[in-house]
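In case you want the letters, here they are:
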Amino acid sequence: MMIKIERIEKDRIKKDIYWIYLEDGRKISLYSDLVVKHNLKRDKEISEKELKEWQEEDEALKSFSAALNYLSFRPRSKKEMENYLAKKGFSRAAIESALNKLENYRYIDDFTFASSWTKSRLNNKQMSKRMIAYELYHKGIDRDVIDEVLEMVDEEEEERAALALAEKYFKRYQGLEKKQMLYKISQALARRGFDWGLIQKVCNKVIDSGDEE
């Protein structure tokens, strides 16, 4: 059964979207690129199969567009992107299409994402490798990728992060009794996932440095 296009109108707000009005009362939205690609115009007759294919093609484009917008705020892991597009209501096929494009264009790359995230968390948030691994795991990064990225972080880098955090809290609690100060600094570092051996080491450094002053 063929269906005739009654009229085609451009969306008043989204200029790249057209509304296709069909003679049976239905209306569908399609990207302008698809309207041109399939030579859609008034009085053209189309089949249900064609209509379904164009709608699937349109949804894939919309899924990719939504993904690019989501990436504009910050890099995302593949799992984050997949979850986001699913919450937006896109079909499995549209999501897979968007993810494949993003990976082909290298807009999403879990190794690159994990490396960048690790560097940022170490330098800006002074987090331990253990805490970073926990975050990456919950962002859907594979264990193998997490292990590979964190193996590139040496002990000195993690110690520098712990020391920077300890120094920050040392300044905050400088007026407290030494025992109480050590407890608070230790707890702050433990919350960031640092192990007790490293906590003790950097705490001794900041206390010794404070005593020298």
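Look up a bit, the structure's there.
Residues numbered from 1 in each chain as written. Predicted model: local features only at pLDDT ≥ 70, side-chain atom pairs only at ≥ 80, totals over all residues. Heavy atoms only, no water.

In this section: the overall build of the chain. Within the chain, the regular secondary structure consists of 10 helices and four strands. Its helices and strands in sequence order give the chain the pattern β-β-β-α-β-α-α-α-α-α-α-α-α-α, from N to C terminus. The C-alpha atoms of the chain give a radius of gyration of 27 Å, which is well past the 17 Å a tight globule of 213 residues would have. Dimensions of the chain, computed from C-alpha atoms along their principal axes, come out at roughly 90 × 35 × 20 Å. The buried share of the chain, taken over its 213 residues, is 39%. Residue pairs in contact within the chain that sit at least 24 positions apart in sequence constitute 54% of those at least 6 positions apart. Entry remark: accessible area of the chain is about 13500 Å², with carbon and sulfur atoms responsible for 47%. Counting 42 positive and 41 negative side-chain charges, the chain places the centres of these two groups 5 Å from one another. (Helix = DSSP H or I, 4+ residues; strand = E, 2+ residues; numbered from the N terminus. Rg over C-alpha atoms; globule rule 2.2 N^0.38 Å. Buried < 20%, exposed > 50% of the residue type's maximum accessible area, 1.4 Å probe, protein only. Contact = heavy atoms within 4.5 Å. Areas by Shrake-Rupley, 256 points an atom, 1.4 Å probe, with all protein chains shown as cover. Lys, Arg positive; Asp, Glu negative; His and termini not counted. Charge placed at Lys NZ, Arg CZ, Asp CG, Glu CD.)

On to the side chain of Gln126. With respect to the helices and strands, the residue Gln126 is situated in the loop between α5 (110-124) and α6 (129-138). The contacts of Gln126, once residues within four sequence positions are left out, are Arg121, Ala161, Ala164, Leu165, Lys168, Arg192 and Phe194.

The next thing to look at is the packing of aromatic side chains. Summed over the entire model, instances satisfying the criterion amount to five aromatic pairs. Geometrically, the ring pair formed by Tyr105 and Tyr107 is tilted, given 5.5 Å between the ring centres and 50 degrees between the ring planes. Taking the centre distance of 6.0 Å and the plane angle of 20 degrees together, the rings of Tyr169 and Tyr173 count as stacked. Residues Tyr169 and Tyr173 agree in their burial class; the two are buried. The structure contains a cluster of three or more aromatic residues connected by ring pairs, namely Phe64, Tyr105 and Tyr107. The ring of Trp19 carries the charged tip of Lys27 above its face, separated from the ring centre by 4.5 Å. (Phe/Tyr/Trp six-rings, centres within 6.5 Å; stacked < 30°, edge-to-face > 60°. Lys NZ or Arg CZ within 6 Å of the ring centre and 35° of its normal.)

Running from amino to carboxyl end, α5 crosses α6 at an angle of 140 degrees, the nearest separation of the two axes being 10 Å. As judged from the angle between their axes, α5 and α6 are oblique. Taken as a pair, α5 and α6 cross one another with a handedness that is right-handed. Contact residues: Phe113, Ala114, Trp117, Thr118, Arg121 and Leu122 in α5; Ile132, Glu135 and Leu136 in α6. Partitioning the contact of α5 with α6 into residue classes produces six nonpolar, one polar and two charged. (Axes fitted to C-alpha atoms, helices over the stretch in contact; angles between N-to-C directions. Parallel < 35°, antiparallel > 145°, perpendicular 65-115°, else oblique. Left-handed = near helix turned anticlockwise from the far one by under 90°. Nonpolar A, V, L, I, M, F, W, Y, C, P; charged D, E, K, R; others polar.)

Attention shifts here to the pairing of strand β3 (residues 27-31). Most of β3 is tucked away, with four of its five residues classed as buried. Alignment of strand β2 (residues 17-22) against β3, held across five bridges, turns out to be antiparallel. Of the residues in β3, the one forming a bridge with Ile20 is Ile28. The turn joining β2 and β3, which pair antiparallel and follow one another in sequence, is formed by four residues; a positive phi near 100 degrees is taken by Gly25. (Pairing = 2+ DSSP bridges.)

Moving on, we come to the packing of helix α3 (residues 78-87) against helix α4 (residues 92-104). Following both chains from N to C, one finds α3 and α4 inclined at 145 degrees, their axes separated by 10 Å at the closest point. For the element pair α3 and α4, the recorded crossing hand is right-handed. Within the contact between the two elements, α3 uses Lys78, Met81, Glu82, Leu85 and Ala86 and α4 uses Arg92, Ile95, Ala98, Leu99, Leu102 and Glu103. Of the residues in the contact of α3 with α4, the class split is seven nonpolar, no polar and four charged.

A separate point is the layout of surface pockets. Its boundaries defined by the atoms lining it, the largest pocket holds a volume of some 220 Å³. Forming the walls of the largest pocket are 13 residues, and the residues nearest its centre are Lys119, Leu122, Asn123, Val153 and Glu157. The set of elements that each furnish at least two residues to the lining of the largest pocket consists of α5 and α8 (155-172). Broken down by element, the residue count for the lining of the largest pocket peaks at five residues, all from α5. The residue makeup of the lining of the largest pocket, split by class, is six nonpolar, four polar and three charged. (1 Å grid on protein atoms, 1.4 Å probe; cavity = no way out; pocket = protein on both sides within 12 Å on 5 of 7 lines; lining within 4 Å. Points joined across faces, edges and corners; volume = space filled by probe spheres on them.)

Our focus in this paragraph is helix α7 (residues 143-151). Residues Val145, Ile146, Val149 and Leu150 constitute the buried set of α7. Projection of α7 onto a plane perpendicular to its axis shows the buried side chains occupying an angular sector of 120 degrees, all on one side. Projecting away from the buried face of α7 at angles above 90 degrees are the exposed residues Arg143, Asp144 and Glu151. Close packing links the buried residues of α7 with α5 and α6. (Arc of directions from axis to C-beta.)

So far we have only geometry, and geometry alone does not tell us how the molecule works.
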